[in-house]
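Summary of structural features
The residues making up each chain are set out below.
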Amino acid sequence: MQRKWQVLLVTSVAVFMSFLDVTIVNIAFPDIRASFPETSLSDLSWVLNAYNIVFAALLVPAGRLADRTGRRRTFTAGLILFLAASVAAGLAPTVEVLVAARVVQAVGAAALVPTSLALLLPEFPLAQRATATGIWGAMGAIAAALGPSLGGTLVNAAGWRWVFFVNLAIGLPALIPARRLLRESREPNPGPMPDAVGVALLVAGVALLSLGIVKGQEWGWGGARDVGVLGAAAVALVLFAIRSSRHSAPVVEPALFRVRSFAVANAGSFAFALGFYAFLLGNVLFLTGVWHYSVLAAGFAMTPGPLFAAVGAVAGGRLADRYGQRAVALPGGLLFGLGTVGVAASTGITPAYASEILPWLPMTGLGVGLSFSAWGSAAVAELAPSRFATGGAIVGCLRQIGAVLGIAILIAVLATATPADPIGPFHDAWRLIAIAGLASAGLALGLGRVRARDPEAAVAAAPAPAPAPAPAR
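All residue numbers refer to positions counted from 1 along the written sequence of the respective chain. At least 70 in pLDDT is required for a residue's local features to be given in this predicted model, at least 80 for side-chain atom pairs to be given and counted, and no such filter applies to totals for whole chains, interfaces and linings, which use all residues. Values reported for side chains reflect all heavy atoms of the structure, with hydrogen atoms and water molecules removed beforehand.

Attention now goes to the overall build of the chain. Counting from the N terminus, the helices are the DSSP runs of H or I reaching at least four residues and the strands are the DSSP runs of E reaching at least two. Across its full length, the chain carries 19 helices and zero strands. Seen through its C-alpha atoms, the chain measures out along the principal axes to roughly 100 × 50 × 45 Å. Classification of the 473 residues of the chain by burial places 56% in the buried group. Between two residues, a contact is recorded if the distance between any of their heavy atoms is within 4.5 Å. Within the chain, contacts between residues at least 6 apart in sequence are counted, and of these 85% link residues at least 24 apart. Here the accessible surface of atoms and residues is derived via Shrake-Rupley with a 1.4 Å probe, and residues count as covered only by protein chains that are part of the display. With an accessible surface of roughly 18600 Å², the chain has 69% of that area assigned to carbon and sulfur atoms. Positive and negative side-chain charges of the chain, numbering 31 and 20 respectively, have mean locations separated by a distance of 12 Å. In this scheme, a residue with accessible area under 20% of its type's maximum is buried, one over 50% is exposed, and one in between is partly exposed, where area comes from a 1.4 Å probe on protein chains only. The convention is simple: Lys and Arg are positive, Asp and Glu are negative, and His and the chain ends are not counted. A single reference atom marks each charge: NZ on Lys, CZ on Arg, CG on Asp, CD on Glu.

This part takes up helix α10 (residues 224–246). Counted at 1.5 Å a residue, the expected span for α10 with its 23 residues is 33 Å, and the 33 Å between its end C-alpha atoms agrees. Along α10, the residues that are buried comprise Asp-226, Val-229, Ala-233, Ala-236, Phe-240 and Ser-244. On its buried face, α10 is in contact with α8 (196–214) and α9 (216–219). Each helix should span, by expectation, one fewer than its residue count multiplied by 1.5 Å.

Whenever Lys or Arg places a side-chain nitrogen within 4 Å of a carboxyl oxygen from Asp or Glu, that contact is recorded as a salt bridge. According to the stated counting rule, one finds five salt bridges in the structure shown. For Arg-183, the salt bridge identified is with Glu-123, shortest N-O distance 2.9 Å. Here the residue Arg-183 occupies a position in the loop between α7 (162–181) and α8, and Glu-123 occupies one in the loop between α5 (95–120) and α6 (129–158), the gap between them amounting to 60 residues. Since its relative accessible area comes to 14%, Glu-123 is described here as buried. The residue Asp-428 makes a salt bridge to Arg-431 at a minimum N-O spacing of 2.9 Å. A residue pair is termed a helical-turn pair when its members lie 3 or 4 positions apart in one helix, as Asp-428 and Arg-431 do in helix α18 (residues 424–444) at three residues. Members of the salt-bridge network, linked through shared partners, are Arg-3, Glu-123 and Arg-183.

With that settled, consider the packing of helix α14 (residues 326–346) against α18. The convention used is that axes are lines fitted to C-alpha atoms, helices contributing only their stretch in contact, and that angles between N-to-C directions extend from 0 to 180 degrees. At a minimum axis separation of 8 Å, α14 and α18 run at an interaxial angle of 165°. Judged on the interaxial angle alone, α18 and α14 are roughly antiparallel. Like other packed secondary-structure pairs, α14 and α18 cross with a definite hand, here left-handed. On α18, the residues that touch Arg-326, Ala-329, Leu-330, Gly-333, Leu-334, Phe-336, Gly-337, Thr-340, Val-341, Val-343 and Ala-344 of α14 are His-427, Trp-430, Arg-431, Ile-433, Ala-434, Gly-437, Leu-438, Ser-440, Ala-441 and Ala-444. Working rule for angles: under 35 degrees goes down as roughly parallel, over 145 as roughly antiparallel, 65 to 115 as roughly perpendicular, anything else as oblique. With the far helix as reference, a near helix turned anticlockwise by less than a right angle produces a left-handed crossing, and one turned clockwise produces a right-handed crossing.

Before going further, it helps to spend a moment on α5. In an α-helix, one full turn covers 3.6 residues, which means residues spaced three or four apart are oriented alike. Under the 1.5 Å per step criterion, the end-to-end length of α5 is 37 Å for 26 residues, consistent within 8% with the ideal 38 Å. Among the 26 residues of α5, 20 are classified as buried, and the element is accordingly described as predominantly covered.

Assignment of secondary structure puts Ser-377 in helix α16 (residues 361–381). Note on Ser-377: relative accessible area 2%, which makes it buried. Residues adjacent in sequence count toward polar contacts only when both atoms are side-chain atoms; beyond that, a polar contact is any pair of N or O atoms within 3.5 Å, and within protein one must be able to donate a hydrogen and the other to accept it. Here the side chain of Ser-377 touches Ala-374 through a polar contact of 3.2 Å, landing on its backbone oxygen. Residues in contact with Ser-377, not counting those within four places in the same chain, are Ala-130, Thr-133 and Gln-325.

Moving on to the packing of aromatic side chains. Only rings of Phe, Tyr and Trp enter the pairing, Trp through its six-membered ring, and a pair is recorded when the two centres are within 6.5 Å. The plane angle decides the type: under 30 degrees is stacked, over 60 is edge-to-face, the rest tilted. Inspection of every chain in the model, using the stated rule, returns 18 aromatic pairs. For the ring pair Phe-279 and Phe-336, a centre distance of 5.4 Å and an interplane angle of 75° mean the geometry is edge-to-face. On the criterion of sequence distance, the pair formed by Phe-279 in helix α11 (residues 260–289) and Phe-336 in helix α14 is long-range, its members being 57 residues apart. With 5.3 Å between their ring centres and 70° between their planes, Phe-286 and Phe-426 make a pair best called edge-to-face. Of this pair, Phe-286 sits in helix α11 while Phe-426 is found in helix α18, placing the two residues 140 residues apart along the sequence. Two limits define a charge over a ring: the Lys NZ or Arg CZ must be within 6 Å of the ring centre, and within 35 degrees of the ring normal. Here the basic side chain of Arg-399 rests over the ring of Phe-19, its NZ or CZ set 4.6 Å away from the ring centre. Here Arg-399 stacks its cationic end above the ring of Phe-372, 4.1 Å away from the centre of that ring.

This part covers the confidence of the model for the chain. Known as pLDDT, the predictor's confidence for each residue is given on a scale from 0 to 100. Considering every residue of the chain, the mean pLDDT works out to 84; 93% of them sit at 70 or more. A low-confidence stretch, residues 457–462 stays under pLDDT 50, and its non-local contacts, those more than four residues away or across chains, total zero contacts.

With that out of the way, let us pick up the packing of helix α1 (residues 3–35) against α5. Where α1 meets α5, the closest approach of the two axes is 8 Å, and the angle between their N-to-C directions is 155°. By the angle class used here, α1 and α5 are roughly antiparallel. As α1 packs across α5, the resulting crossing turns out to be left-handed. Residues Val-7, Leu-8, Thr-11, Ala-14, Val-15, Met-17, Ser-18, Phe-19, Asp-21, Val-25 and Ile-32 of α1 touch α5, and the partners they reach there are Leu-98, Arg-102, Gln-105, Ala-109, Leu-112, Val-113, Ser-116, Leu-119 and Leu-120. Class assignment of the residues belonging to the contact of α1 with α5 gives a composition of 14 nonpolar, four polar and two charged. In the scheme used here, Gly and all other residues not listed as nonpolar or charged are polar, with Ala, Val, Leu, Ile, Met, Phe, Trp, Tyr, Cys and Pro taken as nonpolar and Asp, Glu, Lys and Arg as charged.

The next thing to look at is the environment of Ala-100. For Ala-100, the position within the fold is in helix α5. In sequence terms Ala-100 and Ala-85 are 15 residues apart; their C-alpha atoms lie 8.7 Å from each other.

For His-292, which is not glycine, the phi dihedral falls at a positive 60°. Following the sequence through the fold, His-292 ends up in the loop between α11 and α12 (295–301).

A few words on a nonpolar patch on the surface. Patch membership needs two things, relative accessible area over 30% and no salt bridge, and members are linked within 9 Å if like-charged or within 5 Å if nonpolar (Val, Leu, Ile, Met, Phe, Trp, Tyr). Among the surface-exposed residues, Leu-81, Val-103, Val-104 and Val-107 lie close enough to one another that they form a single nonpolar patch of about 230 Å² accessible area. In terms of residues, the nonpolar patch owes the most to one element, α5, which gives three residues. On the secondary structure map, Leu-81 appears in helix α4 (residues 71–91). What makes Leu-81 partly exposed here is its relative accessible area of 34%.

Take a look at the structure:
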C-alpha cells in the first residue's frame, strides 16, 4: 500500500473513533443509569453532554495550537490522551469519575480531528485531495451512524463499560504506526502567540451555546436560566468576533471567511449536520418507542445507511476531484432530503421495516456520504497548508454545534407526542430534517467552481521581481 493511503487510514481511524463516541454512549445510557441508580437523571446526563460541549469548544483552539507547536506532536498526544481517558471511563467507579474521563476524552478528540486533516492533505497531490478529504470527512458520519448498532452489540454482549474499552481496539492500531508514518509540520513563521483573551471568549461562547441548547428542554425554552446562558454565549461570541477583527494574532483570522469556498462549506456543513444527527437519533427513538424494537434490533435496522454512506464518500471524493464539490454536495443534500421525506410519507403505526424504512436508507446513506465528503473537501481546498488544521477545526466546531442544535430541536418536537398520536411528531421531525438537507443542497449552489490550490506554494514559486535599473549618469 502506498504511503499516502496508509496515512489516510491512520488519520481516518482517529476521526472515526472521535465521532463514534458522540453516539455510541447514547445507546449505553440506560445501562449506565442502572449502574448508578442513586444519581439523578440530570446529573447523569453530563456523561453525554460533557463530551459534546468540550469537544465543540476546544476544536478551534486545539487546531490553532497544533499549527504552532507541531501537528504530529499534537495528534499523538491527543490519541494517547483519548485512549487513556477511555480506559478511565470504562473503569469508572463513580459518576463523577466517569464525567471527568469524558471531559478528558473530549480534549483528546479535539486535538485529533484538526491535526489529522492537516497531516493528511500534504501527502496527496492537489488533484487527489478531494478524494482524500472526502473519505476522511465521511468517516465521522459513518462512525456516528454505526454508533447505535455497535453500542447495542457491546452493551448486549458485555455491558456498558465496553463502549469505552472498544476504543483501544480501534485506536491502538493507529497509534503504533503513527510516529513512523506521519511527518511533523508546523507554521514556518508562527509569529506571536494567538490571542489568549480571544481563546477564552471562543471557548466560553461555544461552551455556553452548547450548554444552552442541550439543557433547553430541561430548563424550559425561554426561561430565565436558558435565556441567560444563551445570552451570555451571544455576548462572548460577538466580543470574540470584534476582538478577532482587531487583534494582530487572532485565534481565527477573519480572512479565512473571505475565501468563498470555506465560508459556504461551513454553512453547508452546519445545515447538513443539523439534519443528519437528528435523523440518526430520531430513527432509533421511532423504532424503539413506536415500533417497540429492542435497542440492538434498532441499531442493526439502521446499518444499511452507514454502508451506503461509505460508498457515497469514496465516490463523492473522486467526483469532486473531477467535477468540483458543488456537483457532489448538491445531489447529496437532495438525496438525503428526499429520502427523509420518503420515510415521513411511508411510516405508519404498524411495523413494516422492509417496505417503509429500508427502501429509503440507501438514498439517505448515499446523501450522507456525498454531502460530508463534498463539504469537508470544499472547506480546505483553497486554504494554505498552514491553515489546514485551523480551517478543519472551524468546520468541525460548527458541525458539532449543528448536531447539538438539531438534536435539541428533535427532542422538542417529539415532546409533543401523545398516546393518541405517537407517530405524528415523528413525521413532523422528519419533514424538518428534510428541510435541513434541502437547505444544504441550496447552499451548494453558492460554492461556485472550487479548485484545489496551494497559495503558499504559488507565492514561493513566483519569480523574484527584477532589480530596478540603475539611474542614468
